[in-house]
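# Close look at the chain arrangement
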Amino acid sequence: RAHEESQRKSDRIKAAIKAKREAALNGDGRYNFNLPKWIDARKTGDDLEYVLNDHQHAVRLIYQLAAEGLGQMAICRILMDRDIPTFKSNKGGWHQSTIGKLLDSNAVIGTFAPQKFDGKRYVPDGDPKPNYFPPVVDDDLYMRAQSMRRTRVSKGRKGLAFSNLFTGLTTCAHCHGPM
């Protein structure tokens, strides 16, 4: 009986989340609270509007640098040299994984790609919706950056000050992560 009650609650929650997601995709309300870091939500009367915040300048710079052919590590160095704040005000500075995720995101051109958590990771859940968010970069810059990323070779030295023959060859015995 406890399992049945738990299953019923789970089904109700899933149905409510699905209804909320569909309403948001139709322009009625907001589905998620984890917006891209360069977008803020503002309520104006009964309407919800998405606006770009101060992080938009960092996003544009990252895409411009990527379109010029720079890699993720070089972009990180430039951002840190220019003292551009991270999205989370992280004292550790920019990380190439953050740059990579940002360059993989099509939210920068205004597309919302609904996702759901399948217990292990987020997976696509429905068709992407273009023009959902205000675009921070134009389509031309986005495509130039993607084109340059595809032509880059991702292996090799990460810079003049870092050289390690074992990069990517060893893993942690405890968490199996790269060392």
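It should be noted that the structure appears before, not after, this text.
Quick caveat, the model's predicted, so the values are computed rather than measured.

## What to know about the packing of helix α2 (residues 56–67) against helix α5 (residues 139–151)
A pair of packed helices can be characterised by two numbers: the angle between their axes and the separation between those axes. Viewed as axis vectors pointing N to C, α2 and α5 meet at an angle of 50°, and their least axial separation amounts to 7 Å. With respect to α5, the element α2 is oriented oblique. Relative to α5, the crossing made by α2 is left-handed. Between α2 and α5, the contacting residues are Arg60, Tyr63, Gln64, Ala66 and Ala67 on the first element and Leu141, Tyr142, Arg144, Ala145, Gln146 and Met148 on the second. Of the residues belonging to the contact of α2 with α5, the class tally is 7 nonpolar, 2 polar and 2 charged.

## A closer look at the nonpolar core
Considering soluble globular proteins, one finds that nonpolar side chains tend to be buried as a cluster. If you look at the biggest cluster of nonpolar residues, it comprises 33 residues, and the most contacted ones within it are Trp38, Tyr63 and Val108. Among the elements of the structure, α1 (2–25), α2, α3 (72–81), α4 (96–104) and α5 are those that each provide at least two residues to this core.

## Considerations on the pattern of salt bridges
Across all of its chains, the model carries 3 salt bridges by this definition. We note a salt bridge from Glu5 to Arg8, for which the minimum N-O separation is 2.4 Å. One end of the pair is Glu5 and the other is Arg8, both in helix α1 and 3 residues apart, which spans about a single turn. Under the relative-accessibility criterion, Arg8 is labelled partly exposed at 41%. The salt bridge partner of Arg144 is Asp140, with a shortest N-O separation of 3.3 Å. One end of the pair is Arg144 and the other is Asp140, both in helix α5 and 4 residues apart, which spans about a single turn. Here Arg144 falls in the partly exposed class, since its relative accessible area comes to 41%. For Asp140, a relative accessible area of 49% puts it in the partly exposed group.

Reading the values: the criteria
- Per chain, the residues get numbers from 1 upward, laid out in the order the sequence is written.
- Two thresholds apply to this predicted model, a pLDDT of at least 70 for residue-level local features and 80 or more for giving and counting side-chain atom pairs, whereas whole-chain, interface and lining totals are computed over all residues.
- To obtain the side-chain values, all non-hydrogen atoms of the structure were used and water was disregarded.
- Orientation is described by axes fitted as lines to C-alpha atoms, over the contacting stretch for helices, and by angles from 0 to 180 degrees between their N-to-C directions.
- Think of it this way: any DSSP run of H or I at least four residues long counts as a helix, any run of E at least two long counts as a strand, and we number them from the N terminus.
- Reported orientations rely on four angle classes, namely roughly parallel under 35 degrees, roughly antiparallel over 145, roughly perpendicular from 65 to 115, and oblique for the rest.
- Helix crossings fall into two classes, left-handed where the near helix is turned counterclockwise from the far one by less than a right angle and right-handed where it is turned clockwise.
- Contact between two residues is taken to exist if any of their heavy atoms lie within 4.5 Å; hydrogens are not considered.
- Charged residues are taken to be Asp, Glu, Lys and Arg, nonpolar residues to be Ala, Val, Leu, Ile, Met, Phe, Trp, Tyr, Cys and Pro, and polar residues to be all remaining types, Gly included.
- Among the buried residues, those of types Ala, Val, Leu, Ile, Met, Phe, Trp, Tyr and Cys that are joined through side-chain atoms within 4.5 Å form a nonpolar core.
- Remark: exposure states derive from per-residue accessible area (1.4 Å probe, protein chains only) relative to the maximum for the residue type, with buried under 20%, exposed over 50%, and partly exposed in between.
- Salt-bridge detection follows one rule: a side-chain nitrogen of Lys or Arg within 4 Å of a carboxyl oxygen of Asp or Glu.

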